Amino acid sequence: MKLRLKIFSLILFSYIFINGQNTSDSSLLKKAKLEIYDNPDKAIQIGKQLLKKDSDLKTSIEIYMLLSTANVAKRNFDESLKYILKAKELSQKTNDTKSQVGVLVAVAIQYQQMELFSKSLETLNEADQYLAKITEKTPEKYIETATIYAIRGMIYKSQSNSEIALEKFLISIENFEKVPVKKTTYSNMSVVYYNIGYCYLNLNQIDKAEHSFLQAINYAGRNHAKSLEAFALKGISEVHKQKHENQTALDLLIKAENLSKNTGDIILNEGIYKEMADNYLAMGQQNLYQLYNKKYFEMRFKRKQNELSSINQVIDNHNKETIIKSQKMESRYHYMKILSFAIAGILIPILLYFILKIRKQNKRFQKEIQQIIRNS
């Protein structure tokens, strides 16, 4: 997978942040949300602690989404998928359209991260149906619309269609900017600008790419999101690498490495190590190249293992869904069969009655005709 396609999963934070509930544990939940980017292990610890307590349905959904997002931040897709599917299951029991859209979009992000694009698009189409029910010109409508456009942009970008991806990302930014309370969108806008930067890099528009990465740093800084800032720094370092300014690129990467120390983000570390190795190689520093190239392959191997485990879970979940659909179809066929027999049981006697009645009438008519003939 392309490393720079992975960052968008963290946009899930917007759903958790906005859908906060006033529970007795709201302060703990708020603290966990603030830890997602830079200390996901702490967020997971708090989330599991909250799961042990009795919570209402909406709060339980929020906690499961928190745990899913924190695990995505660690690139532990196996655990993340488990939690987000549990949130989806619970959301179907509510009449809260906003919550249902948020969970479906989160599931779509999960599938997009795993490069299961058809599953992601299928889930987004389902989310669109719920999105249509949300009141126009509300913060929720803007946020959900912005996120859906951003995910579609990510999918186009992963398929090397940067022009269409840019169109989607720019619409996403337009909608995020319409949200009245901007603080809830800063991290998400950082993520989208980061990806816009790579679109411009792919199109060889270096100046626009650098401007977009600087925007990503700006919005990450407003929410003190160190890992997002680290991603953006990595992006700018690639701009300098293309300009053959390798030392400047390395200075930015070292800063990014320091910012990402507590995140445990395999993808981020993998990307940083790869870029450092490339720049050291370009500068002829073989020892440092070998050191960071080794670190890069270690992170890459770890990521592949996580992804393989997650794919197995997706297959298991798909098989379960197929079995459920099959059972529903079988049950429906069974009911249709019973209904057919019931209808037949009613119609056949009626038809027999009319057939016998008509036959009797015909016989009577024949006798009357014969009687008329004899009399004549």
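Right above here is the structure, for reference.
No experiment lies behind these values; they were computed from the predicted model shown.

Asks: Go over the pattern of salt bridges with me, naming the residues and quoting the values.
Replies: Across all of its chains, the model carries 12 salt bridges by this definition. Arg152 is the salt-bridge partner of Asp128, the closest N and O atoms lying 3.0 Å from each other. Pair noted here: Asp128 is in helix H7 (residues 117-131) and Arg152 is in helix H8 (residues 139-158), with a separation of 24 residues, a long-range link. On the basis of relative accessibility, which here comes to 18%, the residue Arg152 falls in the buried class. Between Glu136 and Lys141 there is a salt bridge, and its shortest N-O distance comes to 3.3 Å. With relative accessibility at 55%, the residue Glu136 sits in the exposed group. Through salt bridges with shared partners, a single network forms among Lys241, Lys274, Glu275 and Asp278.

Asks: Run through the packing of aromatic side chains, naming residues and quoting values.
Replies: According to the stated counting rule, one finds 10 aromatic pairs in the structure shown. Taking the centre distance of 5.7 Å and the plane angle of 20 degrees together, the rings of Tyr280 and Tyr292 count as stacked. A residue pair is termed long-range when its members are at least 10 positions apart, and Tyr280 in helix H14 (residues 266-282) and Tyr292 in helix H15 (residues 286-375) qualify at 12 residues. With a relative accessible area of 10%, Tyr280 lands in the buried category. Feature note: the residues Tyr194, Tyr198, Phe213 and Phe231 constitute an aromatic cluster, connected by ring pairs. One residue, Lys82, lies across the ring of Tyr83, its end atom 5.1 Å from the ring centre. Positioned above the aromatic ring of Tyr186, the side-chain terminus of Arg222 is 5.1 Å from the ring centre.

Asks: How would you sum up the packing of helix H12 (residues 226-242) against H14? Please name residues and give values.
Replies: Packed helices, taken two at a time, are described by the angle their axes make and the gap between the axes. One can describe the packing of H12 onto H14 by two numbers: an axis separation of 10 Å at closest approach and a directional angle of 25 degrees. One element, H12, and the other, H14, form an angle in the roughly parallel class. Here H12 runs over H14; the crossing is left-handed. In this structure, H12 uses Ser227, Ala230, Phe231, Lys234, Glu238 and Lys241 to contact H14, whose residues at the interface are Leu268, Gly271, Ile272, Glu275, Asp278 and Asn279. Its residues placed into classes, the contact of H12 with H14 shows 4 nonpolar, 3 polar and 5 charged.

Asks: Please give an account of the side chain of Asp265 that cites residues and values.
Replies: Mapping Asp265 onto the fold places it in the loop between helix H13 (246-259) and H14. Within polar-contact distance, the side chain of Asp265 engages the backbone nitrogen of Leu268 at 3.0 Å. Excluding its chain neighbours within four sequence positions, the residues that come into contact with Asp265 are Ala73, Arg75 and Phe231.

Asks: Mind laying out H14, listing which residues take part and the relevant values?
Replies: Owing to its 3.6 residues per turn, the α-helix aligns residues three or four sequence positions apart on the same side. A rise of 1.5 Å per residue sets the reference length of H14, with its 17 residues, at 24 Å; its end C-alpha atoms lie 24 Å apart and thus fit the reference within 8%. Among the 17 residues of H14, 13 are classified as buried, and the element is accordingly described as predominantly covered. Once H14 ends, the next one or two residues include Gly284, with phi positive near 75 degrees.

Asks: Requested: an account of unusual backbone geometry, with residues and values cited.
Replies: The phi dihedral of Glu115 falls on the positive side, at around 65 degrees, and the residue is not glycine. Looking at the secondary structure, you find Glu115 in the loop between helix H6 (97-113) and H7. Taking the relative accessible area as the measure of exposure, Glu115 reaches 34% and is therefore partly exposed. Its identity as a non-glycine residue notwithstanding, Asn204 has a phi of 60 degrees, on the positive side. Tracing the backbone through its elements, the reader meets Asn204 in the loop between helix H10 (186-202) and helix H11 (206-222). Of the residues examined, Asn204 reaches a relative accessible area of 56% and is grouped as exposed.

Rules behind the numbers
- Residues numbered from 1 in each chain as written.
- Predicted model: local features only at pLDDT ≥ 70, side-chain atom pairs only at ≥ 80, totals over all residues.
- Heavy atoms only, no water.
- Salt bridge = Lys/Arg side-chain N within 4 Å of Asp/Glu carboxyl O.
- Helix = DSSP H or I, 4+ residues; strand = E, 2+ residues; numbered from the N terminus.
- Buried < 20%, exposed > 50% of the residue type's maximum accessible area, 1.4 Å probe, protein only.
- Phe/Tyr/Trp six-rings, centres within 6.5 Å; stacked < 30°, edge-to-face > 60°.
- Lys NZ or Arg CZ within 6 Å of the ring centre and 35° of its normal.
- Axes fitted to C-alpha atoms, helices over the stretch in contact; angles between N-to-C directions.
- Parallel < 35°, antiparallel > 145°, perpendicular 65-115°, else oblique.
- Left-handed = near helix turned anticlockwise from the far one by under 90°.
- Contact = heavy atoms within 4.5 Å.
- Nonpolar A, V, L, I, M, F, W, Y, C, P; charged D, E, K, R; others polar.
- Polar contact = N/O pair within 3.5 Å; in protein donor to acceptor, adjacent residues only side chain to side chain.
- Expected span 1.5 Å × (residues − 1).

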